[in-house]
Amino acid sequence: MLFDVGGYYNIQIRKWLDGVQWSLHQKLTGSHDESTNPLVLAANKPAAYIFNGCLLFIVVMFALYFLITFICAAVGLLTGHLYLWGRGGTLVVHGILARIVSALILMFGAFLAWRIWGKA
């Protein structure tokens, strides 16, 4: 970038350099006083807590949706009646097609679990 029109990057670099200076000062003096940290703004902590709470709520709701979908897929594989809930209503599939779709959903879930926890 040739020009920093709004000054955004200038402010971000200044904050980063202030943080580096503060960190070096903490290391050299041996003090661990967080109250002098220029990066922690007390006025923004409630907003950060609210934002983090919203993010946690979204993650929990997605996890609950996937858990319900996998439970429905397991029931659909056993019974042949698959119920999938969504924003547009409930999709109901019966018979052998329900068992095939349920097996595909469960295999996809197993693949994701293997990719996520297989690396650890």
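Look a little higher up for the structure.
Quick look at the structure, then. (Residues numbered from 1 in each chain as written. Predicted model: local features only at pLDDT ≥ 70, side-chain atom pairs only at ≥ 80, totals over all residues. Heavy atoms only, no water.)

Glancing now at the nonpolar core. For soluble globular proteins, the rule of thumb is that nonpolar side chains tend to be buried together. Counting 6 residues, the largest nonpolar core is built from Ala73, Leu82, Leu84, Val93, Ala98 and Ile105. Elements with a contribution of two residues or more to this core: strand S1 (81–86) and helix H3 (96–117). (Core = buried A, V, L, I, M, F, W, Y, C linked by side-chain atoms within 4.5 Å. Buried < 20%, exposed > 50% of the residue type's maximum accessible area, 1.4 Å probe, protein only. Helix = DSSP H or I, 4+ residues; strand = E, 2+ residues; numbered from the N terminus.)

Moving on, we get to H3. The terminal C-alpha atoms of H3, which comprises 22 residues, lie 31 Å apart, in line with the 32 Å expected from a rise of 1.5 Å per residue. Residues Ala98, Ser102, Ile105 and Gly109 constitute the buried set of H3. Along the axis of H3, the buried positions cluster into a sector of 65°, meaning they face one direction only. Exposed side of H3, more than 90 degrees from the buried face: Ile96, Leu97, Met107 and Trp114 are the residues found there. Taken together, the buried residues of H3 touch helix H2 (45–79), S1 and strand S2 (89–94). (Expected span 1.5 Å × (residues − 1). Arc of directions from axis to C-beta. Contact = heavy atoms within 4.5 Å.)

Shape descriptors only; they carry no functional weight alone.
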